Structures are given as C-alpha cells and as structure tokens.
Amino acid sequence: MGRVFNFSAGPATLPEPVLEIAQKELLDFKGTGMSVMEISHRSAAFTEVIEKAEADLRTLMNIPENYKVLFLQGGASSQFAMVPLNLMTTNKKADYINTGQWSKKAIAEGKRFGSVNVVASSEDKVFNYIPETNRQMFDPAADYVHITSNNTIYGTTYPELPDTGDVPIVADMSSNILGQVYDVSKFGLIYAGAQKNVGPAGMAIVIIREDLIGHAMDIAPVMFNYETHANAGSRYNTPPCFAIYMAGLVFEWLLDLGGVPAMEEVNREKAAWLYDFLDESKIFKSTVEGIHRSIMNVPFVLPNDELNAQFIKEATDAGLTTLKGHRTVGGMRASIYNAMPPEGVKKLVAFMKQFEVNNS
Ligand code: PMP
C-alpha cells in the first residue's frame, strides 16, 4: 500500500524525506556498522546527534542563550508534575488557564503540589474558545501562569499570549511547537511532547529560563528535577536516543524549508483552505469561531452521527485517514501539522466538496 494522508492528532504523520533518511541509515549509522538505536548515548557519534539537534532547535526557535534545552522522557504528561515540583516553590501557588482536557490534567497535577488558582476557563462551551484575561486577573505573587498554547482536542489557539506582568508563562506547546513563530523570551518555560510536530513519541522537549532551574522541592525525585538534566546535557541517564535522532532529522528538514516563519506561512494557508470551505459549506460546520481557530487541529462536524460515520469511512477508503474527532467533541478532526503536505489538505477539501454534492 502507498502512503496515505494521515490526519492523526498524534503520533502524527512525519515528513517522508525524514523517514527515508532514517530508513537508509537504519542498519549502518554514519559508518559505525550499527543502528543509531544500538550505539552508546555517550559515544562520539551520538554526541554529535544530540548537540546538532539542540543547536538546530535553538536556531529554529531563536532560543536565547539564557535558556536551557532539555530532551526528556515521560512525554508532556510528566511535565504536568515536573513543572510544579520545580517552579511552584517560592510562594507555592500558581495560576492556570483551563482551555481543555490537557489543561485540566495539568491543573489536577498542580494541585498535588501547591495552591492552584484557575484564573479563566472555557469549559462552559466545550472549550470552543480561548477565554479573555487581563493582567489584573493574575496574582502577581504566583510562581507561574500555566497555559496550553494549542488545544489539540478542541482546535483552539491563543490569538495572543496573556499579559501576566512579571509572572513567568509556562506553556504546554505539545501541539503547535515549531508550527508557528513564538518569541521564546516571553516564556519562563515551554514544554512539548514530541509526537506531533517534532518526531516519534517517547520524548518531551523542555525549554527553560536558567533562573528557574535549581529551586525544586526537596521531594522532587532526581529524574524530576530540571537541574539534573540541565547539568548533564540531557544525558544524566540514557536519553530517548532514537527520538532525539529523529527530531534532529525533522529539525534539519524544517531548516531546509526556510525555518518556522516559512512553515507558519504554509500552515496558515493549509488551515485557510479548510476553514474557508467550512465557512461556505451548508453541511460541514467548524466547531470553533474566528480568531481562536488553531492552524494545527481543525475539528468539524456534519449534521448527524450517521453522516459523520459515513464521511470517515469514505474518506478512509480514499486514503484520507484518522479523521475521527475526539470523543468529547464528536465529528471529525483534521490534524494538519508541519509534516502534512499541502496536497493532503487540498485532497481533503476536494473530497469534502464532493461529499457535500453527493449528500445534499
Ligand atoms: N498536552 C497536549 C496539548 C497534548 O495534545 C497531549 C497529547 N495529545 C499531551 C499534553 C500529552 O502528551 P503525552 O502523551 O506526550 O504525555
């Protein structure tokens, strides 16, 4: 079978040229006679891999010198605990904005370690918007403000970052890291699971301002202390070597394409094709309005469950796969991360148009 267009929310489609390089190098990584999965994480060959990956990520995101980049295990979900264990330590309280299930998980975990104040929430409308905030709503004594920059399930993104004054913003950027330009200096900490825009599952990226390192709670396990990993260049123990290697290839691919600004332009165009059609369609409906729409995850619905099911089946038969929406939203969701080629989105929109003709 040829490759399909895979709209999965994650693990998600990876750039084909990256998969081809990985395939070519699988049995003999750069003349070592071994796979990159079989070499020591302290070998010269792997040292080059991890150092190049970090350098390329720094270039891609324009990461200032006073930030550390960590490649960790445990996915984004471990960060829900690692953030409070390390940062909720001065005044032992933090503000959170609740924009969906992942925010809720972060909030629940935060509550285990200190006082959590939910400043704003969009739960009243099934999280189909980003709640407005202003500086007065945030506690100036909070240790940080936690946001989910892109809500994978509901397809919402912050049109602009909240104004938190001097309180550092901590962002779960799992589903839009490298998909659009962010000014890293506006954040205290950014974290992201890899399996959407970065590479295979098994790794989380953490970008942390240096002054926030070194204040972990005494109860923080060694592996849950940012200082451990910052001091060891992400090699305190065996890191997720293969995931780091793959991420490095994705970073090179993205640099070749012109970096994040160029990618964002393509992403905005891909998303606009879909949203424009959704806005003009008589049977398909977008579940999110205007400025809160994500350019990474696009949920949409048909008038009833039968049509949703028929659409998903016919789309799958046409090579457009994994379009089923999250169970809490229903309908469909097209995840159109960096690695989704424009042709994939074009084909999806053309398919939706034809589906509408056939079913109206
Ligand atoms: N945060 C967001 C925004 C996500 O989309 C996900 C995964 N879908 C997670 C956190 C959890 O990531 P992981 O599975 O890597 O723990």
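Residues numbered from 1 in each chain as written. Predicted model: local features only at pLDDT ≥ 70, side-chain atom pairs only at ≥ 80, totals over all residues. Heavy atoms only, no water.

What to know about the packing of helix 3 (residues 75–87) against helix 4 (residues 101–111)
The condition that has to hold: Each axis is a line fitted through C-alpha atoms, taken for helices only over the stretch in contact, and angles between the N-to-C directions span 0 to 180 degrees. Here a helix means four or more residues in a row that DSSP labels H or I, a strand means two or more in a row labelled E, and each is numbered from the N terminus. Angle categories: roughly parallel below 35 degrees, roughly antiparallel above 145, roughly perpendicular from 65 to 115, and oblique for all the rest. It is the rotation of the near helix from the far one that decides the hand of a crossing: anticlockwise by less than a right angle makes it left-handed, clockwise makes it right-handed. Any pair of residues with heavy atoms lying within 4.5 Å of one another is described as a contacting pair. Residues are grouped as follows: nonpolar covers Ala, Val, Leu, Ile, Met, Phe, Trp, Tyr, Cys and Pro; charged covers Asp, Glu, Lys and Arg; every other residue, Gly included, is treated as polar.
At a closest axis distance of 8 Å, the pairing of helix 3 and helix 4 adopts a crossing angle of 40°. The orientation of helix 3 with respect to helix 4, classified from their angle, is oblique. Between helix 3 and helix 4 lies a crossing whose hand is right-handed. Here helix 3 contributes F80, A81 and P84 to the contact with helix 4, which in turn contributes W102, K105, A106, E109 and G110. A class-by-class count of the residues in the contact of helix 3 with helix 4 yields five nonpolar, one polar and two charged.

Section: a nonpolar patch on the surface
Where we set the bar: Exposure above 30% relative accessible area and the lack of any salt bridge qualify a residue for a patch; like charges then connect within 9 Å, and the nonpolar side chains Val, Leu, Ile, Met, Phe, Trp and Tyr within 5 Å. In these tables, accessible area is a Shrake-Rupley quantity obtained with a 1.4 Å probe, and a residue counts as shielded only by the protein chains included in the view. By definition here, a salt bridge exists when the distance from a side-chain nitrogen of Lys or Arg to a carboxyl oxygen of Asp or Glu is within 4 Å. Per-residue accessibility, obtained with a 1.4 Å probe over protein chains only, is compared with the maximum for each type, and a residue is labelled buried under 20%, exposed over 50%, and partly exposed between these values.
Together, L26, L27 and M37 make up an exposed nonpolar region whose accessible area comes to about 330 Å². Within the fold, L27 resides in the loop between helix 1 (16–25) and helix 2 (44–61). In this structure L27 comes out as exposed when scored by relative accessible area, which is 72%.

Some details on helix 2
Our working definition: Take the number of residues in a helix, subtract one, and multiply by 1.5 Å to get its expected span.
Under the 1.5 Å per step criterion, the end-to-end length of helix 2 is 26 Å for 18 residues, consistent within 8% with the ideal 26 Å. Of all the residues in helix 2, the buried ones are F46, T47, V49, I50, A53, D56, L57, L60 and M61. Where the residues of helix 2 are buried, they touch strand 2 (67–72), strand 9 (189–193), strand 10 (204–209), helix 6 (241–256) and helix 7 (259–280). Phi turns positive, to about 50°, at N62, one or two residues after helix 2.

Looking at empty space enclosed by the protein
Rules: Both site types are read off a 1 Å grid over the protein atoms alone. A 1.4 Å probe that fits but cannot get out defines a cavity, while an open set with protein on both sides within 12 Å along at least five of seven lines defines a pocket; lining residues have an atom within 4 Å of a point. Grid points are joined across faces, edges and corners, and a volume is the space filled by probe spheres set on the points.
A complete count under the given rule lists two cavities of 30 Å³ or more for this structure. There is about 50 Å³ of room inside the largest cavity. Lining the largest cavity, in full, are F71, L72, Q73, M223, H229, S234, N237, T238, P239 and P240. Taken together, the residues that form the lining of the largest cavity break down as five nonpolar, five polar and no charged. Of the voids in this model, the second largest cavity is the one considered here, and its volume is about 40 Å³. Lining the second largest cavity are T13, L14, P15, K196, N197, V198, G199, V250, W253, N338 and A339. In terms of residue class, the lining of the second largest cavity is made up of six nonpolar, four polar and one charged.

So, the domain arrangement of the protein chain
The criterion, for reference: Throughout the structure description, domain borders are defined by an automatic or database domain assignment. Note: buried area is the sum, over both parts, of the accessible area (probe 1.4 Å) each one loses when the two are combined. Counting of polar contacts relies on pairs of N or O atoms within 3.5 Å, with two restrictions inside protein: one atom must be capable of donating a hydrogen and the other of accepting it, and residues adjacent in sequence are counted only when both atoms are side-chain atoms.
Taken as a whole, the protein chain is organised into domain 1 (16–257) and domain 2 (259–358). Summarising the inter-unit geometry, the C-alpha centres of domain 1 and domain 2 are found 27 Å apart. With 27 residues of domain 1 at the contact, the number on the domain 2 side is 26 residues. Buried area between domain 1 and domain 2, summed over both chains or domains, comes out near 2,200 Å², and the portion from carbon and sulfur atoms is 56%. Linking domain 1 with domain 2 are zero salt bridges, by the criterion used here. Where domain 1 meets domain 2, there are 11 residue pairs in polar contact (both at pLDDT 80 or more). Secondary-structure elements contributing two or more residues to the side of domain 1 that touches domain 2 are strand 6 (150–151), strand 7 (156–157) and helix 6. The biggest single contributor to the side of domain 1 that touches domain 2 is helix 6, with three residues. Here the side of domain 1 that touches domain 2 is composed, by residue class, of 13 nonpolar, 13 polar and one charged.

Quick word on the side chain of N176
Relative to the assigned elements, N176 resides in the loop between strand 8 (169–172) and strand 9. One polar contact links N176 to S149, side chain to side chain, over a distance of 2.7 Å. In contact with N176, not counting residues within four places along its chain, are S149, N150, T157, Y182, N197 and M296.

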